Amino acid sequence: MEDLGVIHQLIVPLFGYEMTFNLEVIAWTWIVIIGLLIFGYLAKRNRSIVPGNLQNLGELFINQFYELTEDALDRRLARKYAPLICALFMFLLFCNFLGVFPHLGEPTSDLNTTLSMGIMGFVIAHYVGIREKGIKAYIKGYFEPIFFMMPLNVIGELSKVISISFRLFGNIMGGDIIVLVVSYLTFSLILPPFLIGFFFIFIGAIQAFVFTMLTLVYIAVQVK
Amino acid sequence: MGLGAIGAALGEGYTAGLANEGLALRPKKSGDILKNMLVGQAVAESAAIFALVIAVLLLFLGTETPYLLKASAVLAAGLSMGFGAFGSGVGAGFPAGQASLGISRQPAMSGSLSTNMLIGSAVCQTPAILAMVVALLLIFSDFSSMPLFPTWAALLGAGLSTGLAAIGSGVGGGLAAGASCEGIARQPLSLGNVTTTMLVGQAVSQTPAIFGLLISFILLFSGFPESTALSAAMAPLGAGLCMGFGGIGPGIGNGLTAEEAVRWVARNLENTGGLTRTMLVGQAVAQSTAIYAMVVSLVLIFVI
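Residues numbered from 1 in each chain as written. Chains lettered and ligands numbered in written order. Predicted model: local features only at pLDDT ≥ 70, side-chain atom pairs only at ≥ 80, totals over all residues.

1. Some points on the overall build of chain A
Counting its secondary structure elements, chain A contains 7 helices and 2 strands. Ordered by position in the sequence, the α and β elements of chain A form the string β-β-α-α-α-α-α-α-α. Once local pairs closer than 6 in sequence are excluded, the contacts in chain A between residues at least 24 apart make up 66%. (Helix = DSSP H or I, 4+ residues; strand = E, 2+ residues; numbered from the N terminus. Contact = placed C-beta atoms within 7 Å.)

Dropping the structure here:
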C-alpha cells in the first residue's frame, strides 16, 4: 500500500523556478505515441481494396469518427477536424489500455495529461469559434442572454475544462486505486483480473469516447 | 454503507418491478428478461459493494492509530462513500429496469439492449467511483502532521462534498441511461445516436460530482494553518456542505434534461444534432447553480 500516491519526479531548477517532470508518465506517454505511430505505419503499409486486419481496424476508427464529426459539425468543418477527433480518441484509448500491462500505468491517471488535453480542446474550440463566427459575434455570445451574465458565462466556459479533465482523471485514477486496494485485500487472488477488465478496458474505452465526444460537442457549440 | 445499501436496494426494487411488468407482457421471454434483470441488478449492486469494501476497510484498518484526526477522516470516508453509493445505486436501477421492460417489448434487440444498459449503468457508477477515491484517500493518507483544529473540519467537508454531490449525478445519469434503453426498445434503428447522446448527457450531468471532487481535493491537500477559532473550522466544513448540497439539484436536473433529449432522439432521429445542442445549452444553464456553489465554496476556503 505504500506506493499509493508515490510519483517519481525529476525537478529541474530553471531561472529560479522549479520545473517538475513526472518521469514515469512521460515514458508511458512516449510508449503510447510510438505504439500509435507503429500502428499507423503498419495499417497503411499494404493498402488494398480488400483491407487486411490492421487496415480494417484503422478504417473502422476513421469511418466512425468521421461520421460522428460530420453529424456534429458540417461537411466542410468535418474534413478539417475529423483527423483531430479521431487522433484524440485513439491516443486516449491506447493511454487507458496501457494500464493492463504489468509495470505500466495509464498516462491519463496523471492530472497533467488530462488537463493538457482539456486545455487543448478548449483552445481549439474557441479558435474555431472565432474563425467561423468572427470575433464580434464570438464576444457577443458572452453577453447573451443579458449583458450581466458575462462573468457567469466566462466561468461556465472555464468550468468545462475542469469538468472534462477531472472526469477522465477521476475515473482512471479511481480504477487504479480500487484495483490496488482490492488486490491488497484479496492477496491478488481471483478478483483483480476481472476488476482490471472492467476498469481499464471497459471504463477506459467509455471514458475515452466520452472525452472525445465532449471535445467535439464543445467545438460544435462554439461554431453554431 | 447503510446509505449505499438503501440506494442499491431502491434501484434493484425498481428493476425487479419493471422486469415483472415485462414478464407479464411477454411470458415466453422470461429467461432472457430474468437474465438481463440479474445482470442489471449486479451492476446496480456494485455501488453497494464499493460501500462494503470501504466499510470492511474501516473496520479492519481504522483502529490502528486512534487519534482524533483519524476518527474524523474515517467518519468522512464513510459518509462520502455512503452518500456516493446511494445515488449510483438508484441511478443504475433505471437502465436495468428499462432494459428488462424493453426486452419484453422488442425481444430481437435484447443483445444491444443489454450492452447499452451495461454502458449506461457503468457510467452511472462514475460518481460512486469518485466518492470511493475520496474515501480511500481519506483512509490511507497520513494527516498526523497536520494541525488538528481546522483540519478535522476540512476532512469532514471533503467527504461530504463529493458524497452529497454524487447523489444527484448518480440519479441524473441513471435517468438518461433509462431513457436510452427505453428509446432503443422503441426504435431499434436509433441505437448509435441514442447511445452517443446518452453518453454526452450523462457526462454533463456528472459535472457537479466532479466539482465536488475538486473541492474535496482542495480541502484534503491545501493544508490549513492552525487556528482554534470557530470560523476557521466552519469555513471548510461549510465549503464541503455547500458544494455537496449545491451539486444534488443540478445533477438530477441535468439528468432530466438528458433523459428527455435521449427519449426524443429515439423518436426523431433526424434532429439528433439540434437536440444535442439544445440539451447542452439547457444543461449549461442548469449547471450554473452548481458553479455558484463551487464559487462560494472556493471563497469559503481561500478568503476566510
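After that view, the rundown keeps rolling.
2. Things to note about the overall build of chain B
Counting secondary structure elements, chain B contains 10 helices and 0 strands. Across chain B, helices and strands are ordered from the amino to the carboxyl terminus as α-α-α-α-α-α-α-α-α-α. In chain B, once contacts between residues fewer than 6 apart in sequence are set aside, the share between residues at least 24 apart is 91%.

3. Digging into the interface of chain B and chain A
In this complex, chain B contributes 29 residues to the contact, which on the side of chain A involves 31 residues. With 9 residues, the single largest contributor to the side of chain B that touches chain A is helix α10 (residues 272-302) of chain B. Of the residues that constitute the side of chain B that touches chain A, the class distribution is 20 nonpolar, 8 polar and 1 charged. (Nonpolar A, V, L, I, M, F, W, Y, C, P; charged D, E, K, R; others polar.)

4. Let's talk about the confidence of the model for chain B
Counting all residues, the mean pLDDT for chain B is 79, and 83% of those residues have values of 70 or more. Taking the mean pLDDT of every element in chain B, the minimum, 62, falls on helix α1 (residues 2-25) of chain B and the maximum, 86, on helix α9 (residues 230-267) of chain B. (pLDDT = per-residue confidence, 0-100.)

5. Details of the nonpolar core
Ranked by internal contacts, the top residues of the largest apolar core, which has 145 residues, are Phe89 of chain A together with Ala131, Met132, Ala135 and Leu138 of chain B. The element contributing the most residues to this core is helix α6 (residues 148-186) of chain B, with 19 residues. Contact partners of Met132 of chain B, with chain neighbours within four places excluded, come to Gly174 and Ile178 of chain A together with Phe50, Ile54, Met81 and Gly84 of chain B. (Core = buried A, V, L, I, M, F, W, Y, C linked by C-beta atoms within 7 Å. Buried ≥ 20, exposed ≤ 12 C-beta atoms within 10 Å, placed from the backbone.)

6. Considerations on the packing of helix α6 (residues 150-185) of chain A against α10 of chain B
At a minimum axis separation of 10 Å, α6 of chain A and α10 of chain B run at an interaxial angle of 90°. On the basis of the axis angle, α6 of chain A is roughly perpendicular to α10 of chain B. Across the interface between the two elements, Leu152, Ile155, Gly156 and Ser159 of chain A from α6 of chain A touch Ala284, Ser288, Ile291 and Val295 of chain B from α10 of chain B. (Axes fitted to C-alpha atoms, helices over the stretch in contact; angles between N-to-C directions. Parallel < 35°, antiparallel > 145°, perpendicular 65-115°, else oblique.)

7. Quick notes on helix α2 (residues 53-72) of chain A
Since there are 3.6 residues in each turn of an α-helix, residues three or four apart along the chain are aligned in direction. Residues and elements named next belong to chain A. A rise of 1.5 Å per residue sets the reference length of α2, with its 20 residues, at 28 Å; its end C-alpha atoms lie 29 Å apart and thus fit the reference within 8%. Residues of α2 that are buried: Gly58, Phe65, Leu68, Thr69 and Ala72. Buried residues along α2 cover an arc of 110° about the axis, so they all sit on one side. Of the exposed residues in α2, those oriented more than 90 degrees away from the buried face are Asn53, Asn56, Glu59, Leu60 and Asn63. (Expected span 1.5 Å × (residues − 1). Arc of directions from axis to C-beta.)

8. Quick look at the packing of helix α4 (residues 110-124) of chain B against helix α7 (residues 191-205) of chain B
Residues and elements named next belong to chain B. Running from N to C, α4 and α7 point in directions that differ by 10°, and their axes come no closer than 10 Å. What the angle tells us is that α4 and α7 run roughly parallel. On α7, the residues that touch Ser112, Asn116, Ile119, Gly120 and Val123 of α4 are Leu191, Thr195, Met198, Leu199 and Gln202. Class assignment of the residues belonging to the contact of α4 with α7 gives a composition of 5 nonpolar, 5 polar and no charged.

9. As for the environment of Arg267 of chain B
Residues and elements named next belong to chain B. Here Arg267 lies in helix α9. Given 12 C-beta atoms within a 10 Å radius, Arg267 is considered exposed. C-alpha separation for the pair Arg267 and Gly253, spaced 14 residues apart in sequence, amounts to 22 Å.

10. Things to note about helix α8 (residues 207-221) of chain B
When the terminal C-alpha atoms of α8 of chain B are compared, their 21 Å separation across 15 residues agrees well with the 21 Å that a helix rising 1.5 Å per residue should span. In terms of burial, α8 of chain B is largely enclosed, as 13 of its 15 residues are buried.

11. Some thoughts on the environment of Ile129 of chain B
With respect to the secondary-structure elements, Ile129 of chain B resides in helix α5 (residues 126-140). Separated by 104 residues in sequence, Ile129 of chain B and Ala233 of chain B have C-alpha atoms that sit 28 Å apart. Here Ile129 of chain B is in contact with Asn171 and Gly174 of chain A, once residues within four sequence places are set aside.

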